[in-house]
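Listed below are the residues making up each chain.
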Amino acid sequence: MNLLYPLKVKNSFLFNPTSRDFIVDEIPLYDFTGEGEHLIIHIRKKDMTTWEMISAIAKYCKIKQRDIGYAGLKDKHAMTMQYISLLAKDNEEKLKTFNHDKIKILSTTRHNNKIRTGHLKGNHFKVRLKKVLGVQKDKLDSVLKWVKKQGVPNYFGNQRFGNSGDNWREGKEILEGKLKIRDRKTRTFLINAYQSYLFNNWLSKRIELSLLLESFSESQTEEILSLPKDSLKGTKKQLHFFKLLEGDLMMHYPYGRVFELESIEEESKRFLEFDIAPSGLLAGKRVSSCEKVAGVIEKKYNEEINENGSRRYAWIKVTDIKKRYVEEKAHYELEFTLPKGSYATNVLDVLRGESLK
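Predicted, not measured: the structure shown is a model, and the values here were computed from it.

Asker: What is the right way to look at the overall build of the protein chain in this model?
Answerer: Helix and strand content of the protein chain: ten helices and 14 strands. Here the protein chain has a C-alpha radius of gyration of 22 Å; the compact-globule value for 357 residues is 21 Å, and the two agree. Taken along its principal axes, the extent of the C-alpha atoms in the protein chain is 70 × 55 × 40 Å. Of all 357 residues assigned to the protein chain, the portion counted as buried reaches 48%. Taking the contacts inside the protein chain whose residues are at least 6 apart along the sequence as the reference set, 74% of them involve residues at least 24 apart. Charge-centre separation for the protein chain: the mean point of 64 positive side chains lies 4 Å from the mean point of 48 negative side chains.

So this is what it looks like as structure tokens:
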């Protein structure tokens, strides 16, 4: 299959993120012990944010929101299942009579520790795509084969940037000294949005480079992007669509340390098998930066930010893919699993033929 197939062919379908058509199921990082002072609650919520759900539970138990642990924030416009924790003492008995039209307690167990942010393996998604006619169905089948082999870009989703999609601007203004925010939590949130914005722009530039290498020679691509002469030598022949560059910082996949790419030929083979994957920069303090040609590109999206930075997978694997076509309704029902911190919209964008943000 042509590597560019998902980027060249536009697919039309209707997707409305609702509790009927979008279901998210959190996958815990570990098994709960069944004993301990913390109560683990498996919760199903719909049409409300994780914070709204936590607020409702806290109010009912008459505790502070910070006393409730959670692993990740889940979509509002969806039916989502996730785990939260709170002290069992007093609360276990209270929650036996908890009743809410948007929240259902599915089960409870005990554990030794409070659930912390990031304590999840990933999320399993179910989405229903509508108005998928026969020709679109065949295209989606074909693109899914590409996705299964190649994976998808790991953009931050639109929900990261607020209802208007531009809260990153406020983060930028804070860094420039044009905006003062006293609340530390809000200030950090807005700066994080700007870090995410820079990452997304860097990732788009790297995808643009990979696209150019499909249509032009390495030297022509260097000229188009104003890169050093011969800096892309040997890059074009990689089998993965997303081309690795000299100086890239790689990460063992799906967990592991960061290390510098040593051999494009060898590392690109490991990337194709998803033993490793390239990383992108979340600009800030205490974070390593790329060198060589990868560093030339990354430098444009690296700013002095007085928050901790990190490396994020640039490209992710999509697993547990299942599909079902309901011809009489023109529905395309799709399931897949993504690692933590990744967004279902990245898969849907590739299915649409939209991979540059």
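Asker: What is the right way to read the layout of surface pockets from this model?
Answerer: One simple way to see leftover space: roll a probe sized like a water molecule over the atoms. Roughly 180 Å³ of internal volume is contained in the second largest pocket. Lys126, Val127, Arg128, Glu333 and Leu334 are the residues nearest the centre of the second largest pocket, which is lined by 13 residues in total. Of all the secondary structure elements, the ones that give two or more residues to the lining of the second largest pocket are strand E1 (22-28), strand E6 (120-129), strand E13 (319-326) and strand E14 (331-339). Looking at side-chain class alone, the lining of the second largest pocket contains four nonpolar, no polar and nine charged residues.

Asker: I tried to follow the pattern of salt bridges on my own but got confused; where do I start?
Answerer: Opposite charge on two side chains makes pairing possible when the charged atoms of those side chains draw close. All told, the structure shown has 22 salt bridges when counted by the stated rule. Where Arg270 meets Asp275, a salt bridge forms, and the shortest distance between an N and an O atom there is 2.8 Å. Take Arg270: its relative accessible area is 28%, and that puts it in the partly exposed class. One salt-bridge network, in which partners are shared between bridges, spans Asp21, Arg128, Lys130, Arg324 and Glu333.

Asker: Looking at this model, I keep getting lost on unusual backbone geometry. Mind explaining?
Answerer: Trans peptide bonds make up most of the peptide bonds, and negative phi angles are found at most residues other than glycine. Cis geometry marks the peptide bond from Tyr253 to Pro254; its omega dihedral reads 5 degrees. For Pro254, the location among the structural elements is in the loop between strand E8 (249-252) and strand E9 (258-260). You will see that Lys131, though not glycine, has its phi angle at about 55 degrees, which is positive. The residue Lys131 is located in the loop between E6 and helix H4 (134-150) in this model. On the basis of relative accessibility, which here comes to 62%, the residue Lys131 falls in the exposed class.

Asker: Honestly, the nonpolar core in this entry has me stumped. Any pointers?
Answerer: Where a protein is soluble and globular, its nonpolar side chains tend to be buried together. Ranked by internal contacts, the top residues of the largest apolar core, which has 74 residues, are Leu129, Phe336 and Leu351. Residue contributions to this core peak at twelve residues, all from helix H6 (residues 184-215). Counting 18 residues, the second largest nonpolar core, distinct from the first, contains Ile43, Ile54, Ala58 and Leu95.

Asker: Help me out: how do you make sense of helix H10 (residues 344-352) in this one?
Answerer: The α-helix winds at 3.6 residues per turn, so residues separated by three or four positions along the chain end up facing the same way. With seven of its nine residues buried, H10 lies for the most part within the structure. Every buried residue of H10 is accounted for by Ala344, Asn346, Val347, Leu348, Asp349, Val350 and Leu351.

Asker: I tried to follow the packing of aromatic side chains on my own but got confused; where do I start?
Answerer: One pair of aromatic rings is described through two measures. These are the centre distance and the angle between the planes. For the structure on display, the rule yields 20 aromatic pairs. Arranged with centres 5.3 Å apart and planes meeting at 55 degrees, the rings of Tyr253 and Phe274 form a pair that is tilted. Of this pair, Tyr253 sits in the loop between E8 and E9 while Phe274 is found in the loop between helix H8 (264-272) and strand E10 (276-282), placing the two residues 21 residues apart along the sequence. Classification of Tyr253 as buried rests on a relative accessible area of 13%. A residue is classified by how much of its surface remains accessible, and Phe274, at 6% relative accessible area, is buried. Both rings, one in Phe271 and one in Phe274, keep their centres 5.8 Å apart while their planes meet at 70 degrees; by these two values the pair is edge-to-face. When sorted by exposure, Phe271 lands in the same class as Phe274, which is buried.

Asker: Help me understand empty space enclosed by the protein, please; the structure alone is not making it clear to me.
Answerer: Under the definition given, this model contains one cavity of 30 Å³ or more. Volume-wise, the largest cavity comes out at about 50 Å³. Lining the largest cavity are Glu26, Pro28, Leu29, Tyr30, Phe32, Ala71, Tyr83, Ile115 and His119. When its residues are assigned to classes, the lining of the largest cavity shows seven nonpolar, one polar and one charged.

Asker: Looking at this structure, I do not really get the sheet that holds strand E11 (residues 310-313). What am I missing?
Answerer: Sheet strands pair by backbone hydrogen bonding; their relative direction is either parallel or antiparallel. The sheet built from four strands is open, its strands ordered E9-E8-E10-E11 with antiparallel pairing. Looking at which strands have only one partner, the edges of the open sheet turn out to be E9 and E11. Taken over all neighbouring pairs, the strand axes of this sheet differ in orientation by 50 degrees on average, direction set aside. For E8 and E10, the ladder comprises three bridges, and the chain directions are antiparallel. The residue of E10 that forms the bridge with Met251 is Ala277. Across the sheet, H6 is in contact with E10 and E11; its angle to E10 comes to roughly 130 degrees. Lying on the sheet, H8 is in contact with E8, E9 and E10; it crosses E10 at an angle near 95 degrees.

Asker: When you look at the packing of helix H5 (residues 167-175) against H6 in this model, what are you seeing that I'm missing?
Answerer: In helix packing, the relevant descriptors are the interaxial angle and the interaxial distance, both defined with respect to the helix axes. Running from N to C, H5 and H6 point in directions that differ by 105 degrees, and their axes come no closer than 7 Å. The angle between the axes of H5 and H6 places the two elements in the roughly perpendicular class. Taken together, the residues of H6 that come into contact with H5 (itself represented by Asn167, Trp168, Glu170, Gly171, Lys172, Ile174 and Leu175) are Arg187, Phe189, Leu190, Ile191, Ala193, Tyr194 and Tyr197.

Conventions we followed
- Residues numbered from 1 in each chain as written.
- Predicted model: local features only at pLDDT ≥ 70, side-chain atom pairs only at ≥ 80, totals over all residues.
- Heavy atoms only, no water.
- Helix = DSSP H or I, 4+ residues; strand = E, 2+ residues; numbered from the N terminus.
- Rg over C-alpha atoms; globule rule 2.2 N^0.38 Å.
- Buried < 20%, exposed > 50% of the residue type's maximum accessible area, 1.4 Å probe, protein only.
- Contact = heavy atoms within 4.5 Å.
- Lys, Arg positive; Asp, Glu negative; His and termini not counted.
- Charge placed at Lys NZ, Arg CZ, Asp CG, Glu CD.
- 1 Å grid on protein atoms, 1.4 Å probe; cavity = no way out; pocket = protein on both sides within 12 Å on 5 of 7 lines; lining within 4 Å.
- Points joined across faces, edges and corners; volume = space filled by probe spheres on them.
- Nonpolar A, V, L, I, M, F, W, Y, C, P; charged D, E, K, R; others polar.
- Salt bridge = Lys/Arg side-chain N within 4 Å of Asp/Glu carboxyl O.
- Core = buried A, V, L, I, M, F, W, Y, C linked by side-chain atoms within 4.5 Å.
- Phe/Tyr/Trp six-rings, centres within 6.5 Å; stacked < 30°, edge-to-face > 60°.
- Pairing = 2+ DSSP bridges.
- Axes fitted to C-alpha atoms, helices over the stretch in contact; angles between N-to-C directions.
- Parallel < 35°, antiparallel > 145°, perpendicular 65-115°, else oblique.

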